[in-house]
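If you want the building blocks of each chain, they are given just below.
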Amino acid sequence: FRDLGSASGSFRRLKPGARHALDVGAMVLVGKHQLRVVEAPGSDEAPGPPHLVLECFQPEGSPLQGRCFDVGAKGATLGRRASNAISFSRDVDGVAVGVDSSVSNEHARVFYDARTGRFALADGAGPGRASTNGTWVRMSEAGDRSAPYALLSGDELLVGTIRFQVTTTDTVVERTL
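Note that the structure is predicted; figures quoted are calculated from it, not measured. (Residues numbered from 1 in each chain as written. Predicted model: local features only at pLDDT ≥ 70, side-chain atom pairs only at ≥ 80, totals over all residues. Heavy atoms only, no water.)

Some thoughts on the sheet that holds strand β12 (residues 118–123)
Read from one edge of the open sheet, five strands run β2-β12-β11-β7-β8, paired in mixed fashion. In this open sheet, the two strands that pair with only one neighbour each are β2 (20–22) and β8 (86–87). Taken together, the six bridges between strand β11 (residues 108–113) and β12 define a ladder with antiparallel strand orientation. Bridged to valine 110 within β12 is leucine 121. (Pairing = 2+ DSSP bridges. Helix = DSSP H or I, 4+ residues; strand = E, 2+ residues; numbered from the N terminus.)

So, in structure tokens, the structure goes:
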């Protein structure tokens, strides 16, 4: 599977337990919100202790649009609960109200891997606690072709607003010798 440079992007769903490295330019979809890595270890903008900056750029009109979230070496949780470091909620008269019903209470987490010196993204709150709607990784930036991605049975893809699930079958054909 390969994105040929589409404007809206093609996404693949992170599998439970999978990790995705977060480098500058990487984009993820959490619920209806798209976040882009604008600073990461190794970039000129990221001197000092390890930190990563995620910017929410979609959807239009979201109270999170345009906000940047600085994630340090301790990592961050993403979700609808106000207690998450990156919270998809807002305060309405002292009550935390979710801004995206597609985001789980504890949807995903960003963590720093000191071994590799990189940040990574994982779906859910931990082993066996996946989000309901998944965490999606964009294949490439707008206008750029993605690297090919080998499809396996069970993979899920999002092209525009259409979601696909890959299913493979084996067929045995007998021939007379």
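Moving on, there is more to tell.
Focus on the side chain of serine 146
Its place among the elements puts serine 146 in the loop between β13 (135–138) and β14 (156–159). Here the side chain of serine 146 touches aspartate 3 through a polar contact of 2.8 Å, landing on its backbone nitrogen. Excluding residues that lie within four positions of it along the chain, serine 146 makes contacts with Arg2, Asp3, Met139 and Ser140. (Polar contact = N/O pair within 3.5 Å; in protein donor to acceptor, adjacent residues only side chain to side chain. Contact = heavy atoms within 4.5 Å.)

Focus on the sheet that holds strand β5 (residues 51–58)
Within the open sheet, the eight strands sit side by side as β6-β5-β4-β3-β13-β1-β14-β15. Their pairing is antiparallel. Since the sheet does not close on itself, it has two edges, and those belong to β6 (68–72) and β15 (162–165), each with one partner. On average, adjacent strands in this sheet sit at an angle of 30° to one another, irrespective of strand direction. Both strand β4 (residues 33–39) and β5 contribute to a ladder of five bridges, which runs antiparallel. Note on β5: the bridge partner recorded for valine 37 is leucine 54. (Axes fitted to C-alpha atoms, helices over the stretch in contact; angles between N-to-C directions.)

Observations concerning the packing of aromatic side chains
When we look at a pair of aromatic rings, we describe it by the centre distance and by the angle of the planes. Applying the stated rule across the entire model yields one aromatic pair. Measuring from ring centre to ring centre gives 5.0 Å for tyrosine 112 and phenylalanine 119, while their planes differ by 55°; the resulting arrangement is tilted. (Phe/Tyr/Trp six-rings, centres within 6.5 Å; stacked < 30°, edge-to-face > 60°.)

Some thoughts on the environment of asparagine 133
Its place among the elements puts asparagine 133 in the loop between β12 and β13. Overall, asparagine 133 belongs to the partly exposed group, its relative accessible area being 30%. Along the backbone, asparagine 133 and valine 30 are 103 residues apart, and their C-alpha atoms lie at a distance of 8.4 Å. Not counting chain neighbours up to four residues away, the residues in contact with asparagine 133 comprise Arg13 and Ser102. At 3.0 Å, the side chain of asparagine 133 and the backbone oxygen of serine 102 are in polar contact. (Buried < 20%, exposed > 50% of the residue type's maximum accessible area, 1.4 Å probe, protein only.)

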